Amino acid sequence: MGFLAPWFLGGLAVLGVPVFVHLLRRHVTTPQPVSSLMFFERGTQSSMRHRRLKYLLLFALRFAFVLMIVLAFANPFVRRAAADANGRLLLIVLDHSFSMRAGTRFTDAKEQALALLSAKPHTQKAQIMALGGQLEVLTQPIAEEAQLRSALESIEAGDEHGNFGDLGRGIQPLGNTIRGPIDLHLFSDMQRTAMPANFADMVLPANVTLVLHPVAKGAAPPNWTVESVDAPSELSDPKDPRRSRVKAVVAGFGTPAAVKTVSLVVNGKSIATHKVNVPANGRATVEFAPLDVGYGFNRCEVRIGNGSGGGDDFPADDTSVFAVRRSDPERVLFVHGANDLRSAAYFGAALNAVARASFVLQSVNAEETTDIDPSKYAFVVLSDAVILPAIFEHTLQFYVAKGGSVLIALGTSAGHGARITLWGGNVQDVHDYARIGSPATIGQVDFSHPVLEQAQPVRDNGGWEEIKIFYAAVVDAGQARVAAKLSDGTPLLLDKPLGEGHLLLFTSGFDNLTNDLPLHPVFVAFVDRTARYLSGSERLSGSRLVDSFVQLHATGQAEGTSANVEVIDPDGHRPLSLSEARTAETIRLQRAGFYQVRFANGRDAVIGVNPDRRESDLQPVTEDVQQLWSESSAGGAAAQTADAKQVVLKYQSISLWWYVMLLALALVIAESALASGYMGTRREEI
Amino acid sequence: MQRFLDPTVLAGISSLDLLAKTVVDGFVAGLHRSPDFGFSQEFAEYRAYVPGDDLRHVDWNLFARTERCYLKRYRGETNSQLTVLLDASNSMQYSSGPTKKMDYARFIAASLFYLAIRNQRDAAGLIVFDDEVRDYVRPSTRQGQLARLFAALERAEPHARTDIQKPLRHFQELLHRRGIVIVISDFYEDPTEVVRAIEPMRFHGNEVLLFHILDRQEIRPELKGSAILIDLETDERIEVVPEYAKTAYRAKVDAHIEQLRSRTRAAGMDYQLLVTDQPLDESLREYLSLRQAAH
């Protein structure tokens, strides 16, 4: 023990004050003469003893308080031996990302981790974590080896994409919580694609010493993989040459030029095989057409080789799965106003251009919708239809609540103050840009919205900038998501969940009178995405990546009104509990393979889930970077030299200032309580 | 004038003669405004003449004005004998303020002597005692008696313990003539014993008055903490807690005073508690009222 500011110990002289007040001054008592002791009696001995004890206790408290204050200023600290194994936390992190399936990487890593665990002293605490798509804490810091071993053995190779940035971010709070030194042993293939974009995300806290155990030695082995598959998720006509085809890209990482056999397997049966020349360390495209599948969901996969793999050490990535749903063309109900005759033509033409035979547009006048049941349609479009029959409007509300979706185009009939059907609001104002002679343009587009989604929008705002809007209604966005705005800030496209369904509001029209959108190519893409988004076919089939999410319940739904969903993972298990099945808004797809989902609106889906193809690039991080990472923490720097390690880690100074102040606070409270009682007696005497 | 009776003021006067004169003159000046008392032969009442009455007492001036015969009666004037028994034990030395109980007793005795000799023409004597009779001045009206009494008071210094039983055996031998006996003491004795010792003087026809001198601190002591107390007479020491002094002690002193008062009055004697911060006129007033009752 020592003091960081020992010169403050001079303040111990103040201890003389309570000593004088209580011990020295106390003995100076002058006897008082009285005429006679005839009526006096000697004080009760027990009372006097109690008083004396109280007095001494008060003195002790005051003495201790002054002592604590002086010690607090002197800032005492204790040196704790920190270099021994018992004082260090052994943190074992096992990488179980998809790339660890290559060769014997995962087995080797687990064996090494178990060997390290066996070698640890019995009293040393250890903690087990698994690094996959996220950092999972499997145990608390404990010394029980059996429990630690069990946790380590329970880790299985996963399908997720590992990221060392997640490790850095996950360890930061642990480093702050555990004050002592931590030895972090990472068992990983140290894949280069696991590096985060920012190196700072990987940096570990100062008290963490990083020890890397790379299980992939030397150069990365050659690996071929099905990098991507472009296939329709919905198919209504297998003979449609534009849609009924599967295009796959076979990529090689660190590979020589080779001829690979690529097969298309549908429902476990290989229906087509092609040979493809894959250049050295390059990519080749292979196409299967037509895609002849039966009705319903078809579990398809593109596979390298004829069931024997791609001839590399990583057969798990030689397959890419996807689901294709074949169905008859779905009908789309297009309800238009009496004067709106052009919108249906434009919308129908666009829909036919992109999704021919998938959707069939049925155009109906608003006044003729009384007997129509919207549940038979994939989605409904209300174009310039301000007034609907009450029966149909009520049916539409029920339809949306059950999961149906409606696209509303306001058109020119929606004048100032007009009620917007289903939307739940009125038109606040209308902007007639044509009348003032300067049409509005689209100023802001949310490309993350499924309807407007573009991977890399070009400089002209993804083609939307050229569109001229002549007429638009002004609507209060409220809770709705604004997907596009005009240059003057007027919302153009709004999306609002309602029940299990969606309402999409277009504040202009689909004819060429209110805007020239139908005349631009972007309109076709807009209609295509809108049709897929509103019909929900986007999420019913196709393929996703591991770690992506599927929305199970609509976010805007009131609690307690939702129906159960059902999810079956590739292993045949139900990952959701009963309560989760009722409340979970999304589910994270953790395994590769086919997920079966039954949504709350009763629609079934089969989704093919593939690992992130970045995992197929087995190139490890260079040794320089590994060394840099190890040295980025103080513990790692200390590990450079054995002597330095001993010096740095042998002792750790722990300041006791905080505890001393707490003790002083407790003493002063006790002193106040005791002294007030003591003084209270004296006040009574006076 | 009242301030001249204040013991705090009187303590600053060194001469007992001057002190007594100051007290008595001030007291008498106050009495002139009172109709209750007189000091010389004075008119008492008129009474209708009946045959056989002494004609010398007829008020002839009244007869000349009214032709009716009335006798003019005067209050008779007699001489009395005052004997003061002064306790000079060590306990009388106690004081919590500027005036010791002994000084206060001296002031009372000197004032009584002055009042008795100069104003009432009474004979006055003094017996100073503790556990023995220490000094004795025979009651007399002779020239210089007052000076002798004051000198005896000056000589009376407290020492030894109080033992009223022992000297009182001699009091009977010293008191030859009936009169007024005033005992000035703090009476730290059992009230029964005190009364038993003084009672014989009453039986001999004396008017007995007990002046019980106490300090304020003796009645209501205030201790600011546990203290060691020393008995002035025995030098005994004990430690006393404030709680006791505040409760039990006060109850005991009050009971003692009450017992003393009731016992003395039951024995036909008078009792007066005098606290040393009180003016002296109470004691003089008590003496005069006793003297009037004696006649």
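By convention here, each chain's residues receive numbers from 1 onward along its written sequence. Written order determines the labels here, with chains lettered from A and ligands numbered from 1. pLDDT decides what is reported in this predicted model: residues at 70 or higher carry local features, side-chain atom pairs at 80 or more are listed and counted, and totals for whole chains, interfaces and linings draw on all residues regardless.

**Regarding the overall build of chain B**
Helix and strand content of chain B: 11 helices and 10 strands. In chain B, buried positions account for 40% of the 295 residues. For chain B, the proportion of contacts with a sequence separation of at least 24, taken over those separated by at least 6, is 74%. Helix numbering and strand numbering both begin at the N terminus, where a helix is a DSSP run of H or I of at least 4 residues and a strand a DSSP run of E of at least 2. Any residue with 12 or fewer other C-beta atoms within 10 Å of its own C-beta is exposed, any with 20 or more is buried, and the rest are partly exposed; the C-beta atoms used are placed from the backbone. Two residues form a contact once the distance between their C-beta atoms, set from the backbone, is within 7 Å.

**Some points on the nonpolar core**
Residue and element names in this part refer to chain A. With 83 residues, the main nonpolar core has Ile92, Val93, Leu94, Leu184 and Val250 as its most contacted residues. Here isoleucine 92 is in contact with Ala113, Leu116, Leu117, Ala126, Ile128, Leu152 and His185, once residues within four sequence places are set aside. Membership of the second largest hydrophobic core comes to 66 residues, among which are Leu351, Ile442, Leu505 and Ala531. By our criterion, buried Ala, Val, Leu, Ile, Met, Phe, Trp, Tyr and Cys residues that link up through C-beta atoms within 7 Å make up a nonpolar core.

**A short note on the pairing of strand β17 (residues 330–336) of chain A**
Residue and element names in this part refer to chain A. Where burial is concerned, most of β17 is hidden: five out of the seven residues are buried. Relative to strand β18 (residues 359–365), β17 runs parallel, the two being bridged by seven bridges. The residue of β18 that forms the bridge with histidine 336 is asparagine 365. The rule for pairing is simple: two strands pair if DSSP sees at least two bridges between them. The pairing of β17 with strand β19 (residues 379–383) spans five bridges and is parallel. Its bridge partner being in β19, leucine 333 is matched across the sheet by valine 380.

**A few points about the confidence of the model for chain A**
All names here are of chain A. For chain A, mean pLDDT is 82; residues scoring 70 or higher make up 88% of the total. The pLDDT value tells you how sure the predictor is about a given residue, anywhere from 0 up to 100. Below a pLDDT of 50 lies the segment residues 636–649, which in the model reaches 15 contacts outside its immediate sequence neighbourhood of four places, other chains included. Counting interchain partners and residues more than four positions distant, the pLDDT-below-50 stretch residues 680–686 has four contacts.

**Section: helix α7 (residues 191–203) of chain B**
Residues and elements named next belong to chain B. Here the expected length of a helix is defined as 1.5 Å per residue gap, with one fewer gap than residues. Here α7 spans 18 Å end to end across 13 residues, near enough to the 18 Å set by a 1.5 Å rise per residue. Here α7 has its buried residues at Val194, Val195, Ile198 and Met201. Elements in contact with the buried residues of α7: α6 (165–174), β6 (180–185), β7 (207–214) and α10 (248–266). Trailing α7 by a residue or two, glycine 205 shows a phi angle of about 95°, which is positive.

**Re the packing of α7(B) against α10(B)**
Residue and element names in this part refer to chain B. Between the N-to-C directions of two axes lies an angle of 0 to 180 degrees, each axis being a line fitted to C-alpha atoms and, for a helix, fitted only over the stretch in contact. At a minimum axis distance of 9 Å, the contact between α7 and α10 shows a crossing angle of 30°. In terms of their interaxial angle, α7 and α10 are classed as roughly parallel. By crossing handedness, the relation of α7 to α10 is classed as right-handed. In contact with Pro191, Thr192, Val194 and Val195 of α7, α10 contributes His256, Gln259, Leu260, Arg263 and Thr264. An angle counts as roughly parallel when it lies under 35 degrees, as roughly antiparallel when it exceeds 145, as roughly perpendicular when it falls between 65 and 115, and as oblique in every other case. Helix crossings get a hand from a simple test, with the near helix turned counterclockwise from the far one by less than a right angle marking a left-handed crossing and a clockwise turn marking a right-handed one.

**Looking at the packing of helix α4 (residues 101–119) of chain B against helix α5 (residues 145–155) of chain B**
Helix-helix packing is described using two parameters, namely the angle between the two axes and the distance between the axes. All names here are of chain B. Relative to each other, α4 and α5 sit at 175°, their axes nearing to 10 Å. Classified by the angle between their axes, α4 and α5 sit roughly antiparallel to one another. Contact residues: Arg106, Ala109, Ala110, Phe113, Tyr114 and Ile117 in α4; Gln145, Leu146, Leu149, Phe150 and Leu153 in α5.

**Quick word on the interface of chain B and chain A**
Counting residues at the interface gives 29 residues for chain B, matched by 18 residues for chain A. For the side of chain B that touches chain A, the elements supplying multiple residues, two or more each, are β8 (227–231), β9 (237–240), α9 (242–246) and α10 of chain B. Looking at the side of chain B that touches chain A, its residues break down into 16 nonpolar, three polar and 10 charged. Note that strand β2 (residues 32–34) of chain A and β8(B) share three bridges and pair parallel. Looking across to β8(B), one finds that Pro33(A) is bridged to Ile230(B). Asp, Glu, Lys and Arg are counted as charged, while Ala, Val, Leu, Ile, Met, Phe, Trp, Tyr, Cys and Pro are counted as nonpolar; the rest, among them Gly, fall into the polar class.

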